[in-house]
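Here's the letter readout for the chains.
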Amino acid sequence: MTRQLVPFSQFVLKTHARCDLACDHCYIYEHADTSWRAKGRATSEAVLARTAERIAEHARAHRLPAVHVVLHGGEPLLAGPVLLRRAAELLRAALPPDCALDLRIHTNGVRLGTRFLDLFAEHGIKVGISLDGDRAANDRHRRFADGRSSHDLVIAAVDLLRTPAYRHLYAGLLCTVDVENDPVAVLDALLDLEPPRVDFLLPHATHEQPPKRPAGMGGTPYADWLLAVYRRWEERGRPVPVRTFESIHRTLRGRSSLTESLGLDPADLVVVETDGSFEQADSLKTAYDGAPATGFTVFEHTLDQVAAHPGMVERQSGLAGLAEECRGCPVVRSCGGGLYAHRYRGDGSGFRNPSVFCGDLMKLITTIRDRTAAAAVPPQDAPGAALTGPQLDELAAGYGGADTVRALLRSQLGLTRRLVAAVGAGAPGWELVTALDAEHPAALDAVLAHPYTRAWAVRCLRGEAGADLGGLAELAAAAALRARRAFALPLPVRGGAVHLPTLGRVLVGGAGETVLASDAGGFTVGGVRVDWDTPGGGPWQPVRRVALADGWTVALEDTDPQRDSHQWPVEERLPEPEYLAWAGALREAWELIGRELPGYAPGIRAGLSTVTPLRPGPAGRDVSAAARQAFGSVGIARPGTAPTLALLVAHEFQHVKLGAVLDFHDLYDRTDQRLFHAPWRPDPRPVEGLLQGTYAHLAVTEFWAARVHAYDGLRNDPAQYARVQLASWRAHTARAVENLAGSGALTPLGERFVAGMRTAVEPWLAVPVGAAAEAAAREAAEQNLAQWRATAGAAARD
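Description of the side chain of Thr 274
Structurally, Thr 274 can be placed in the loop between strand E7 (269-272) and strand E8 (277-279). Once residues lying within four places of it in the same chain are set aside, the contact partners of Thr 274 are Lys 14, Thr 15, His 16, Ala 17, Lys 39, Gly 40, Arg 41, Ala 42, Thr 43, Ser 44 and Val 47.

Below you can see the structure in the form of structure tokens.
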């Protein structure tokens, strides 16, 4: 069988091969590899240009939505601003327009000043800095060759990064562990510098050159040190992400790691040295002389050739590439065998050994596992779920066709599967779930794809009220009934009813628990018999569906207890006349969407599965809401007209799509706590709130543009109302797009996404609406801005 090539998405570009510090723990100059001696000091423009071309052709060949490039060394600032500027220019010029560039530099910081930072701000280069903690910890290793401390210079560089002009460039701090340093003092010193994230590296070591283990520190000093940091991090409320700890949390729940040193994800990183030679990960320099070499160069070889190099293939082999004792380890999917370089032994076994930190990793992972067994965070990523560049661009334009929304649906289903496994493994009903997964996967997927399955799982993981493990038995029973499988299973009675997600509920009275038993003709529960052809009414209350087009129906969900996820009270079971009113209104709204929002209709049809009726708002105010943890559903209080219902459906499904994108793609810096002006609201919003609102209003703007077109030539009140609405919403949306673009909070992928939103709103700015409508919209905007300034001013005074 031919191995599927794993494309590279991370590139380390060496701009200078020397360093101005003499750190005694440096793996480049102080460990086994000596290849640095033969390499030129600085890279050349020819190497930079050819590297940019190689990355671009690789991105095109594999349709990569983004690539991540780190300018590195040695000390990359020794290359000087001219060469670094040229590297950024060449990379950006070469990449295809549908591939975002995440460009960073990692430095010791001693030369970092405004000259470099102005350059980095101009080219969007994020800055990571190596710092081992407080002065005592940092000076243990990070000194100049003459013994002078580097600490004051590094702190000055970080302080400069923290100023408002450069804060958006601050990527984080990297600390190498030394067990003789005080772990609490180290963490506190790092956190005092307000980094957006922190990472801890184990010192590079092998079985030939093992790490120091000072006497009196026990057999797992590195685990003990990191666990002391972990406890302090928790005591301080986990103020910033710590990559090592977050990777352990994620891999324990079946998700991808954020670092090559943990987990089984295939390595997708390659190094380009100053002479243009391709190398494997720098950490291999600690194994033996020449360990990272490939024999390939940017001038003679493609990145696909590099990816097929035996060393690269071995680092991408996952579980199969580990030592036998690792493959049977209970934490192997989290540990992943540790960093590849740390497994090396010179007795001929090479890298097929447990990590030299094996005992430390086992203790670290199992202790964190046990401490966090009752808590979890909903995933923001999962392997294999990323959209392609064209799909992201399609969504950025506001739309998202059927194939793209189905891709979101598949990724959401995978995410829900992981969440349900994290919650329910071993709980009552789990055995039936696993059997159905093997025998009737389509029936199980139909229930797992139900929007409120994920909502239930997330609530369980967060320990919220209204969610318990009885929900797993309900899911199992509903899937088994869909599969027409005979079974008997105890189910909870909630509010006098037994709930079967996607199917309905049976009113049995009482509370506690009752057994559901199925047979060839139907099922019995709580003394109530329901045959497959039993109509609704009486104790059996099925989920009612509305046919909107050939082969497409949506559920009008008024039975699932988890449907209260929309931040607004839900309606109880709809009386038949109200259900019929809903059905008629939805059909009219769908016809209008297909006619006036043709770019949005295919995605809505592919992804909208559920409409949940909400209670009316005060004084007849329209109410609608999406739920971040319930992909495929929208909550709406039935409005008085079909056009308003069409608008609400399109508006809320924008939130549904963007929420699914954000589950797997970082469009903004999640650590940025600033608030921004949303032109349609008096209160300032966090960056995600602004992004969500702006994206939803792309559809709102196009809706009103379509209404203006429909009223073309008319001068009645509805026509003028549509013109005012278009004038208002297009101005709001265009202004919000610029607020996002200038926020400094977007990732490179986010910048690309917002640029697509800007392009999407431009045609509607040219639609003529008349001076009166423009004046009315301008007056409303000015009033809103005055309210926002008053609110922001009050918040600042507080």
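Notes on the pattern of salt bridges
Summed over all chains, the structure comprises 54 salt bridges. The residue Glu 439 makes a salt bridge to Arg 485 at a minimum N-O spacing of 3.3 Å. Separated by 46 residues along the polypeptide, Glu 439 in helix H16 (residues 430-439) and Arg 485 in the loop between helix H19 (470-482) and strand E10 (488-493) bring together distant segments of the chain. The class for Glu 439 is partly exposed, based on a relative accessible area of 46%. For Arg 485, a relative accessible area of 24% translates into the label partly exposed. A salt bridge links Arg 674 to Asp 672; the nearest nitrogen and oxygen atoms lie 2.7 Å apart. Exposure remark for Asp 672: the relative accessible area of 16% places this residue in the buried category. Each member of the salt-bridge network shares a partner with another, and the members are Lys 14, Lys 39, Glu 273, Glu 279, Asp 282 and Lys 285.

Section: helix H17 (residues 441-448)
Within H17 the residues assigned to the buried category are Ala 443, Leu 444, Val 447 and Leu 448. For H17, the angular spread of buried residues about the axis comes to 135°, placing them on one side. Its buried side turned inward, H17 meets helix H15 (402-424), H16, helix H18 (451-462) and H19.

Quick word on the sheet that holds strand E20 (residues 624-625)
Sheet architecture is open: five strands sit in the order E17-E18-E19-E21-E20, paired in mixed fashion. Among the strands making up the open sheet, the edge pair consists of strand E17 (544-549) and E20. For E20 and strand E21 (residues 633-636), the ladder comprises two bridges, and the chain directions are antiparallel. Across the sheet, the residue bridging to Ser 624 is Ile 636, located in E21.

Regarding the packing of aromatic side chains
Applying the stated criterion to the full structure yields 15 aromatic pairs. Seen from their ring centres, Phe 523 and Trp 540 are 6.1 Å apart, and the 80° between their planes marks the pair as edge-to-face. Taken together, the residues span a long stretch of sequence, with Phe 523 in strand E14 (residues 522-525) and Trp 540 in strand E16 (residues 540-542) at a distance of 17 residues. Taking the relative accessible area as the measure of exposure, Trp 540 reaches 10% and is therefore buried. In this arrangement the basic side chain of Arg 115 is found over the ring face of Phe 116, its NZ or CZ atom lying 5.1 Å from the centre. The residue whose ring lies beneath Arg 148 is Phe 144, and the NZ or CZ to ring-centre distance is 4.2 Å.

So, empty space enclosed by the protein
Applying the stated rule across the entire model yields six cavities of 30 Å³ or more. If you add up the space inside the largest cavity, you get close to 90 Å³. Along its surface, the largest cavity is lined by His 450, Tyr 452, Thr 453, Trp 456, Gly 471, Glu 474, Leu 475, Arg 494, Pro 501, Asp 560, Pro 561 and Gln 562. Contributions of two or more residues to the lining of the largest cavity are made by H18 and H19. Here the lining of the largest cavity is composed, by residue class, of five nonpolar, four polar and three charged. Each pocket or cavity is described by its volume, and for the second largest cavity that value is around 80 Å³. Around the second largest cavity, the lining residues are Leu 409, Gln 412, Leu 413, Thr 416, Leu 448, Ala 449, His 450, Pro 451, Arg 454, Ala 630 and Phe 631. Of all the elements in the fold, those that place two or more residues in the lining of the second largest cavity are H15 and H18. At four residues, H15 tops the list of elements feeding residues into the lining of the second largest cavity. Looking at side-chain class alone, the lining of the second largest cavity contains seven nonpolar, three polar and one charged residues.

Thoughts on the pairing of E17
Alignment of E17 against strand E18 (residues 552-556), held across five bridges, turns out to be antiparallel. Residue Arg 544 lies in a different strand from E18, and its bridge partner there is Leu 556. Two successive antiparallel strands, E17 and E18, enclose a turn made up of two residues, where Gly 551 displays a positive phi of approximately 80°.

Some points on the side chain of Gln 562
Tracing the backbone shows Gln 562 in the loop between E18 and helix H20 (576-596). We classify Gln 562 as buried; its relative accessible area is 7%. Ignoring anything within four residues of it in the chain, the contact list for Gln 562 reads Tyr 452, Ala 455, Trp 456, Arg 459, Gly 466 and Ala 467.

Things to note about the sheet that holds strand E13 (residues 512-519)
Strand order in the open sheet made by the four strands is E10-E13-E14-E15, with antiparallel pairing throughout. A single partner strand is all that each edge strand has here, and the edge strands are E10 and strand E15 (528-531). Strand after strand, the sheet turns through a mean of 25° between neighbouring axes, direction not considered. Sheet analysis places E13 next to E14, joined by four bridges and oriented antiparallel. Along E14, the bridge assignment pairs Ser 518 with Phe 523. Across the sheet, H19 touches E10, E13 and E14, and the angle it forms with E10 is around 130°.

What to know about the confidence of the model for the chain
Here the chain shows a mean pLDDT of 89. Residues at 70 or above account for 96%. Low pLDDT, under 50, characterises residues 374-385; the predicted model gives this stretch 32 contacts beyond four residues in sequence or across chains. Scored below 50 in pLDDT, residues 792-798 makes zero contacts in the model with residues more than four places away or belonging to other chains.

What counts as what
- Residues numbered from 1 in each chain as written.
- Predicted model: local features only at pLDDT ≥ 70, side-chain atom pairs only at ≥ 80, totals over all residues.
- Heavy atoms only, no water.
- Helix = DSSP H or I, 4+ residues; strand = E, 2+ residues; numbered from the N terminus.
- Contact = heavy atoms within 4.5 Å.
- Salt bridge = Lys/Arg side-chain N within 4 Å of Asp/Glu carboxyl O.
- Buried < 20%, exposed > 50% of the residue type's maximum accessible area, 1.4 Å probe, protein only.
- Arc of directions from axis to C-beta.
- Pairing = 2+ DSSP bridges.
- Phe/Tyr/Trp six-rings, centres within 6.5 Å; stacked < 30°, edge-to-face > 60°.
- Lys NZ or Arg CZ within 6 Å of the ring centre and 35° of its normal.
- 1 Å grid on protein atoms, 1.4 Å probe; cavity = no way out; pocket = protein on both sides within 12 Å on 5 of 7 lines; lining within 4 Å.
- Points joined across faces, edges and corners; volume = space filled by probe spheres on them.
- Nonpolar A, V, L, I, M, F, W, Y, C, P; charged D, E, K, R; others polar.
- Axes fitted to C-alpha atoms, helices over the stretch in contact; angles between N-to-C directions.
- pLDDT = per-residue confidence, 0-100.

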